[in-house]
Amino acid sequence: MSTPAFPVPAEVDRLQRTALVAGGAGVGLSLLGAVFDLGQFLRSWLFAELFWTGVAVGCLSLLMINHMTGGVWGLVIRRLLEAGGRTVPLLAILFLPIALGLPRIYEWARPEVVAADPVLQMKRPYLNVPFFLLRAVFFFAAWSALAHFLSRWSGELDRTGSLRVARRLRGLSGGGLLILGLTITFSAVDWAMSLDPHWFSTIYGIVFMVGQALSAMALVIVLLARLRGEEPFAEAVRPQVVHDLGKLMLAFVMLWAYVNFSQFLIIWSGNLPEEAPWYILRLHGGWQGIALLVLLFHFVLPFLLLLSRDLKRSAPTLARVAGALFLVRLVDLYWLVAPDLHHHGALRVSWTDVTAPVGVGGIWLFWLARELRVRPLLPQRDPDLEEFLAQPAEGHA
Amino acid sequence: MTRPGLYGLMAEFSEPAAVVAAARKVHEAGYRKVDAFSPYPVEALTEALALPRSRLPLFVLLGGIAGLAAGYGLEYWASVIEYPMNIGGKPFHSWPAFVPPAFETTILFAALAAVLGMLALNGLPEPYHPVFNVPTFALATKDRFFLCVEATDPHFDLDRTWSFLLSLEPRVVSEVEQ
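Residues numbered from 1 in each chain as written. Chains lettered and ligands numbered in written order. Predicted model: local features only at pLDDT ≥ 70, side-chain atom pairs only at ≥ 80, totals over all residues. Heavy atoms only, no water.

S.K.: Explain the overall build of chain A to me, using residue names and the numbers behind them.
M.R.: Tallying secondary structure elements over chain A gives 19 helices and zero strands in all. A compact globule built from 397 residues should have a C-alpha radius of gyration of about 21 Å, and chain A, at 21 Å, falls within 12% of that. Dimensions along the principal axes, computed over C-alpha positions, put chain A at roughly 70 × 40 × 40 Å. By residue count, 54% of the 397 residues in chain A fall in the buried class. Partitioning the contacts of chain A with sequence separation of at least 6, the portion at a separation of at least 24 is 82%. Accessible surface, chain A: about 16,800 Å² in total, of which carbon and sulfur atoms supply 69%. Seen as two clouds, the 32 positive and the 28 negative side-chain charges of chain A have centres 4 Å apart. (Helix = DSSP H or I, 4+ residues; strand = E, 2+ residues; numbered from the N terminus. Rg over C-alpha atoms; globule rule 2.2 N^0.38 Å. Buried < 20%, exposed > 50% of the residue type's maximum accessible area, 1.4 Å probe, protein only. Contact = heavy atoms within 4.5 Å. Areas by Shrake-Rupley, 256 points an atom, 1.4 Å probe, with all protein chains shown as cover. Lys, Arg positive; Asp, Glu negative; His and termini not counted. Charge placed at Lys NZ, Arg CZ, Asp CG, Glu CD.)

S.K.: Any details on empty space enclosed by the protein? Residues and values, ideally.
M.R.: All names here are of chain A. All chains considered together, the criterion is met by seven cavities of 30 Å³ or more. Taken together, 13 residues make up the lining of the largest cavity; nearest its centre are F208, G211, Q212, R329 and L333. Of all the secondary structure elements, the ones that give two or more residues to the lining of the largest cavity are α2 (38-69), α11 (204-227) and α17 (315-341). In terms of residues, the lining of the largest cavity owes the most to one element, α11, which gives five residues. A volume near 60 Å³ is recorded for the second largest cavity. Put simply, the parts of the chain that give the lining of the second largest cavity at least two residues each are α2, α10 (163-191) and α11. Considering only residue class, the lining of the second largest cavity consists of five nonpolar, four polar and no charged. (1 Å grid on protein atoms, 1.4 Å probe; cavity = no way out; pocket = protein on both sides within 12 Å on 5 of 7 lines; lining within 4 Å. Points joined across faces, edges and corners; volume = space filled by probe spheres on them. Nonpolar A, V, L, I, M, F, W, Y, C, P; charged D, E, K, R; others polar.)

S.K.: So, the domain arrangement of chain B: which residues are in play, and what are the values?
M.R.: Reports of interface size often rely on the accessible area that becomes lost once the parts have come together. Segmenting chain B into domains produces domain 1 (6-52 + 136-177) and domain 2 (56-122). Between the C-alpha centres of domain 1 of chain B and domain 2 of chain B the distance comes to 44 Å. (Domains from an automatic or database assignment.)

S.K.: Pulling in residues and values, what's your account of the interface of chain B and chain A?
M.R.: If you look at the interface, chain B gives 13 residues, while chain A gives 16 residues. When the two sides are added together, the surface that chain B and chain A hide from each other amounts to roughly 1,200 Å², 61% of it contributed by carbon and sulfur. It is E43(B), E47(B) and K90(B) that lose the most area in chain B upon contact with chain A, and together they represent 41% of the buried surface on that side. Scanning the region where chain B abuts chain A turns up one salt bridge. Inspection of the chain B/chain A interface yields three residue pairs in polar contact (both at pLDDT 80 or more). Listing elements by their share of the side of chain B that touches chain A, those giving two or more residues are α2 (43-48) and α4 (95-122) of chain B. Of all the elements, α4(B) adds the most residues to the side of chain B that touches chain A, at five residues. Within the side of chain B that touches chain A, the residues separate by chemical class into seven nonpolar, one polar and five charged. (Buried area = accessible area lost by both parts, 1.4 Å probe. Salt bridge = Lys/Arg side-chain N within 4 Å of Asp/Glu carboxyl O. Polar contact = N/O pair within 3.5 Å; in protein donor to acceptor, adjacent residues only side chain to side chain.)

S.K.: Before we move on, can you summarise helix α3 (residues 56-82) of chain B with the specific residues and values?
M.R.: Residue and element names in this part refer to chain B. Counted at 1.5 Å a residue, the expected span for α3 with its 27 residues is 39 Å, and the 36 Å between its end C-alpha atoms agrees. All buried positions along α3 are accounted for by G63, G64, G67, G71 and E75. Looking at the buried residues of α3, the elements they touch are α4. (Expected span 1.5 Å × (residues − 1).)

S.K.: Can you lay out the side chain of T355(A) for me, pointing to particular residues and giving the numbers?
M.R.: Mapped onto the elements of the fold, T355(A) is located in helix α18 (residues 352-372). With residues up to four places along the chain from it excluded, the contact list for T355(A) reads G26(A), L29(A) and S30(A).

S.K.: Pulling in residues and values, what's your account of α18(A)?
M.R.: Helix length check: α18(A), at 21 residues, gives a terminal C-alpha distance of 29 Å against a target of 30 Å (1.5 Å per residue), a fit within 8%. Here α18(A) lies mainly inside the structure; 15 of its 21 residues are buried.

S.K.: I'd like a description of the pairing of strand β3 (residues 145-150) of chain B, backed by residues and values.
M.R.: Residues and elements named next belong to chain B. With respect to burial, β3 is a largely interior element, six of its six residues being buried. By the alternation rule, side chains of β3 split into F145, L147 and V149 and F146, C148 and E150, which are all buried. Bridge count between strand β1 (residues 6-13) and β3: six bridges; the pairing is antiparallel. If you follow L9 over to β3, its bridge partner there is V149. Relative to β3, strand β2 (residues 34-37) runs antiparallel, the two sharing four bridges. Each residue of the ladder has a partner; that of V34, found in β3, is V149. (Pairing = 2+ DSSP bridges.)

S.K.: Go over the environment of T352(A) with me, naming the residues and quoting the values.
M.R.: Residues and elements named next belong to chain A. Tracing the sequence through the fold places T352 in helix α18. As for T352 and G33, which are separated by 319 residues in sequence, their C-alpha atoms are 6.4 Å apart. Discounting residues that sit within four places of it in the chain, T352 has contacts with S30, G33, Q40, S44 and P357. Within the structure, the side chain of T352 is placed 2.8 Å from the side chain of S44, a separation counted as a polar contact.

S.K.: Residue-level account of the packing of α2(A) against helix α9 (residues 129-160) of chain A, with values.
M.R.: The packing of two helices is summarised by the inter-axis angle and the distance between the axes. Residue and element names in this part refer to chain A. Between α2 and α9, whose axes approach to 11 Å, the crossing angle comes to 45 degrees. Compared by their axis directions, α2 and α9 come out oblique. The way α2 lies across α9 gives a crossing that is left-handed. Residues E49, T53, V57, L60, L63, M64 and H67 of α2 form the contact with α9, whose participating residues are F140, W143, L146, A147 and L150. (Axes fitted to C-alpha atoms, helices over the stretch in contact; angles between N-to-C directions. Parallel < 35°, antiparallel > 145°, perpendicular 65-115°, else oblique. Left-handed = near helix turned anticlockwise from the far one by under 90°.)

S.K.: Tell me about the side chain of N66(A), residues and numbers included.
M.R.: Position of N66(A) relative to the elements: it lies in helix α2. Polar contacts involving the side chain of N66(A) include one to the side chain of R78(A), which spans 3.5 Å.

S.K.: Any chance you could break down a nonpolar patch on the surface for me, citing the residues and the numbers?
M.R.: Side chains of L108(B), F109(B), L112(B), V115(B), L116(B), M118(B), L119(B) and L124(B) sit close together on the surface and give an oily, nonpolar patch of about 680 Å² of accessible area. The topology assignment puts L119(B) in helix α4. (Patch = residues over 30% accessible without salt bridge, like charges linked within 9 Å, V, L, I, M, F, W, Y side chains within 5 Å.)

S.K.: Describe the pattern of salt bridges, naming the residues involved and giving the relevant values.
M.R.: Residue and element names in this part refer to chain A. Counted by the stated rule, this structure contains 16 salt bridges over all chains. With a shortest N-O distance of 2.6 Å, R14 and E11 are connected by a salt bridge. Here R14 and its partner E11 are both found in helix α1 (residues 10-36), three residues apart, which amounts to about one turn of the helix. Connected via shared salt-bridge partners are E11, R14 and R226.

Here you go:
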């Protein structure tokens, strides 16, 4: 462990140190906030947990999609995605405060609210504390298992280069994507949609799925741009690979707009009293400003920028767009869940809403950097990657 | 020196890396009227030949913008100006409802611009081209890679270009008749 047999960029050490400091400070301040207002701390913590779990699960999505489709873009980032997936057990531990404080977050978990609300009584067979916790355990267990086997077999592939292992990975990814689709949908319904237990939208899970994949893609591009100066990425991060990642990020930006607009159009057209209030809340009381910000910086601007071929082929420029998108993802998630977290009121940002994502994110990135040391940062003995690296690099980068 | 009726010289390679290396050297030697042929896109080849960037993306962008304007304009004209109708109490200018059709016309116009622009820029359909006079050229759609230096290039000299191409170690160099 102390002297790995493969190069680990010094940037990983820097990332680990910075992340630990940020994580420690963020968590410390958030805990201080818990002393003043426990309920607010828990709601901020849920927001942070939703975001970073989304990044980890997004890593799993991209990883399994690449196992199914192939492509050098995914081979170059495979170890980053695997490490991201292996953070799920950490996120399960960080979920504990939420599990212990459900009544302070969700109104369906408060018996006195349910007693006065016939609709919530009808929903009780699904929305009750023990079943909610059981499902959460199942989600984390399923994601951990997927991350575990994807990493383990990929390590086996490094050692043996066996086609059988590669086929097994593809089989796992096929089934795994199905499991992921269902678990993401149900976890989104449980953890975020049930904040307003009267409201429902069938595309909600997909909104989360796409957002998570976009978060993961943006983060991976930022990491890759920082690591590309050192071995082993120096040789592998070529304009061609960066271009592919940029194109995929553009696709996810468009898909995000597509699914969000689909939900909006359907609810706007129907204009029904049980659906429309969700948007009315989010388009008044200051939230409309956030909505406009998300529309401009989550779709319009990145879409126009990412049309440029030159931008998509330059790692540092693409990483700036990706970094900005990553931050806007956070704002988008806030717009999605916070109006309900703050008792259905006007725009108000608690300072723990900032410290909690920084804290959880710091610990998460620290853990990610730790996981990045476990295996060589590029797949070994992969015929596609070897063939790609054997090709002459293009003249100017 | 060239001779009448000669279109150019064609070098034939079996490996993509070889044709990329050859294209780079041909470009460095100052030849500009050069084209390469391969069964599948070789990205490094475009760069090795330093071909000017295609204007097709611009056409597609303009097509998309025109499609967006046309689609949205049509909807606005129909629903707001020409035949306003009260549907579900919604305003005449109901932009959310206008988005899907406007999106579709954006894609339609952009796709048409891509196809027609491609045909306009590459000169297809073209019933006759001299490179097909090289007997093995049909393999360019299968497993061979070709590099053609045209006789109209100011640097072109039948003997010197011939021996220069041979020095790049192709399978064979052949004369291309007009």
